[in-house]
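# Close look at the chain arrangement
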Amino acid sequence: MSGAALAAYAADESMSRGRRRPEPAAAYRGEYQRDRDRIIHSAAFRRLMYKTQVFVNHEGDMYRTRLTHSLEVAQIARTAARALGLDEHLTEAICLAHDLGHTPFGHAGQDALNACMRDYGGFEHNLQSLRVVDELENRYAEFRGLNLMFETREGILKHCSLRNARELGALGERFMERRQPGLEAQLADLADAIAYNNHDVDDGLRSGLLEVDQLREQALFDTQYLAVVGRYPELEPRKRVFEIVRRMIDTVVSDLIVQTRSNIERHDPRSIEEVRLAGRPLVGFSTEIAGQHRALKRFLNRHLYLHENKLATSLKARTIVEELFGLFMEDVTRMPGDFAAACGDDPGSRARTVADYIAGMTDRFAMAEHERLTAAA
Ligand code: MG
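Residues numbered from 1 in each chain as written. Predicted model: local features only at pLDDT ≥ 70, side-chain atom pairs only at ≥ 80, totals over all residues. Heavy atoms only, no water.

### Points about the coordination of the magnesium ion
Condition: Metal donors: N, O and S atoms at distances within 2.8 Å, or within 3.2 Å for Na, K and Ca, with water omitted from the atom set so that some sites may seem incomplete. Here's how the labels work: a residue is buried when its accessible area is under 20% of the maximum for its type, exposed when over 50%, partly exposed in between, all with a 1.4 Å probe on protein chains only.
Coordination of the magnesium ion by the protein is provided by H69 (NE2), H98 (NE2), D99 (OD) and D192 (OD), with metal-donor distances spanning 2.1 to 2.6 Å. The class of H98 is buried, set by a relative accessible area of 4%. Take D192: its relative accessible area is 7%, and that puts it in the buried class.

### Comments concerning the layout of surface pockets
Condition: Cavities and pockets were defined on a 1 Å grid built over protein atoms only: a cavity is a set of grid points that admits a 1.4 Å probe from which the probe cannot escape, a pocket is an open set flanked by protein on both sides within 12 Å along at least five of seven lines, and lining residues are those with an atom within 4 Å of any such point. Grid points are joined across faces, edges and corners, and a volume is the space filled by probe spheres set on the points. Labels follow the DSSP assignment, with helices taken as runs of H or I lasting at least four residues and strands as runs of E lasting at least two, numbered in each case from the N terminus. Residues are grouped as follows: Ala, Val, Leu, Ile, Met, Phe, Trp, Tyr, Cys and Pro are nonpolar; Asp, Glu, Lys and Arg are charged; every other residue, Gly included, is polar.
One number sums up the size of the largest pocket: a volume of about 1,100 Å³. Every residue lining the largest pocket is counted, 41 residues in all, and those nearest its centre are Q53, R66, H107, N301 and Y305. Mapped onto the lining of the largest pocket, the elements with two or more residues apiece are helix 3 (66-84), helix 5 (106-116), helix 6 (125-136), helix 10 (183-207), helix 15 (287-305) and helix 16 (308-330). Classifying every residue of the lining of the largest pocket by side-chain character gives 15 nonpolar, 14 polar and 12 charged. In this structure, the second largest pocket occupies an estimated 590 Å³ of space. Around the second largest pocket, the lining comprises 27 residues; the ones closest to its centre are R47, L136, D338, F339 and D356. Listing elements by their share of the lining of the second largest pocket, those giving two or more residues are helix 2 (43-47), helix 6, helix 17 (337-342) and helix 18 (347-360). Considering only residue class, the lining of the second largest pocket consists of 11 nonpolar, 7 polar and 9 charged.

### Brief notes about the environment of A7
Mapped onto the elements of the fold, A7 is located in the segment before helix 1 (31-40). Sequence separation between A7 and R64 is 57 residues; the distance between their C-alpha atoms is 34 Å.

### So, helix 5
The following threshold applies: Residues count as neighbours in contact if any of their non-hydrogen atoms are within 4.5 Å of one another.
Taken together, the buried positions of helix 5 are G106, A108, G109, Q110, A112, L113 and C116. Residues of helix 5 that are buried in the fold lie against helix 3, helix 6, helix 16 and helix 18.

### Quick look at the packing of aromatic side chains
Stated precisely, the cut-off is as follows: Any Phe, Tyr or Trp ring, taking Trp's six-membered ring, that has another such ring centre within 6.5 Å forms a pair; planes under 30 degrees apart are called stacked, those over 60 apart edge-to-face, and the others tilted. Here, a charge over a ring is recorded when the distance from Lys NZ or Arg CZ to the ring centre is within 6 Å and its angle to the ring normal is within 35 degrees.
Under the counting rule described, the total for this entry stands at 4 aromatic pairs. With a centroid separation of 5.0 Å and 25 degrees between ring planes, the pair formed by Y140 and F143 is classed as stacked. Through a chain of ring-to-ring contacts, three or more aromatic side chains come together here, namely F328, F339 and Y357. A cation over a ring is seen here: R238 above F242, with NZ or CZ 4.9 Å from the ring centre. Across the ring face of Y50, the terminal group of R364 is positioned such that the distance to the ring centre comes to 3.7 Å.

### As for the environment of E124
Heads up, the condition is: Side-chain atoms alone can form a polar contact between residues adjacent in sequence; in general such a contact is a pair of N or O atoms within 3.5 Å, and within protein one must be able to donate a hydrogen while the other accepts it.
Structurally, E124 can be placed in the loop between helix 5 and helix 6. It is 17 Å that separates the C-alpha atoms of E124 and R66, two residues lying 58 residues apart in sequence. With near-sequence residues (within four places) excluded, E124 lies in contact with H159, C160, S161 and N164. In terms of polar contacts, E124 uses its side chain to reach the side chain of N164, at 2.9 Å.

### Some remarks on the pattern of salt bridges
Oppositely charged side chains may form a pair once their charged atoms are brought near each other. Put simply, the rule is: Salt bridges are counted wherever a side-chain nitrogen of Lys or Arg sits within 4 Å of a carboxyl oxygen of Asp or Glu.
In this structure the tally under the stated criterion is 36 salt bridges. The salt bridge involving E92 is made with R36; its shortest N-O contact spans 2.8 Å. Note that E92 is positioned in helix 4 (residues 88-97) and R36 in helix 1, a separation of 56 residues in sequence. Across the pair R372 and E369 runs a salt bridge whose closest N-O atoms are separated by 2.9 Å.

### A look at empty space enclosed by the protein
All told, the structure shown has 2 cavities of 30 Å³ or more when counted by the stated rule. Put simply, the largest cavity is a space of about 60 Å³. Around the largest cavity sit R17, F150, E154, A170, L171, E173, R174, R179, Q180 and R276, which together line it. Those elements that provide at least two residues to the lining of the largest cavity are helix 7 (150-156) and helix 9 (173-176). Split into classes, the residues belonging to the lining of the largest cavity amount to 3 nonpolar, 1 polar and 6 charged. Reported here for the second largest cavity is a volume of approximately 30 Å³. Around the second largest cavity sit I94, H98, G155, K158, A185, A188, D189 and D192, which together line it.

Below you can see the structure in the form of structure tokens.
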């Protein structure tokens, strides 16, 4: 139930595999719209506001957080969903939920928690996002989790190890059988990459960790740089960056729409099932833009995410996560009552509950808890 006409290959809620626990239909909303609303009302969604995307929250008020990142992903994906005849509400729901399972302190936090969980099945943020919507959000009288539609959950679980896929029943099957998810999920995945590639250029320049001259080695950036400087030679530097970034987003999104239309035409899927069986993703960029987009991603990895200033922060984040993990494993009553009570007798169940608790923390809460508990110890 979207604003625009749905194509035959779009997710169709009347043909959906539905919710794990069946519910009566809502009076004024479609089912994917209802999923989107449940995600927005969740506590995990609100906490994204204080979780690191690339820059830790206290580094400045102007940088992206996981919340604003998720909103940018959703906004990019909705435009493309509408242009391609896909379900806009489902696309939006997947985008808004895609990072719910992220730990505090971005990738540094996740790597640290994964290392802590090495002997207990590891920690994967995609799987954790699914755990958040399936189990950890606990606010409805009749079920645990948000009881979302199959296609929303399918989109949230972007990647998953085969070992974990085996435990997931119907949702894990596609990883073992190498099937694709629906187009809304494929789109949300690429919109994520489009959003961070572009906002990290903006945030990277703002922070001074990246320089314009360095970025000019990147074709995606330089093409728009030359266009903007040619047309507005007097433009002040910050505005120049905004103008370049918005044109970069427009370039990759337009390319994605055109290329995806042509892929769809060639494969001609008549249903979401045929999309799942297509053998490869149908949402994608042209070869040229895909190359430029990947090159920019590698560049940001080398020059921004692995920048020495970022590495120092990462080291601190790792210490906080590791020490919190040890403190809670040692004494589960250091966690709130419901988490302490959820720990079973075996170390595996205790470790998973501790990981759930730490993963749910915002950056600032993790720092405050760490300070409080290490001062007490
Ligand atoms: Mg993301």
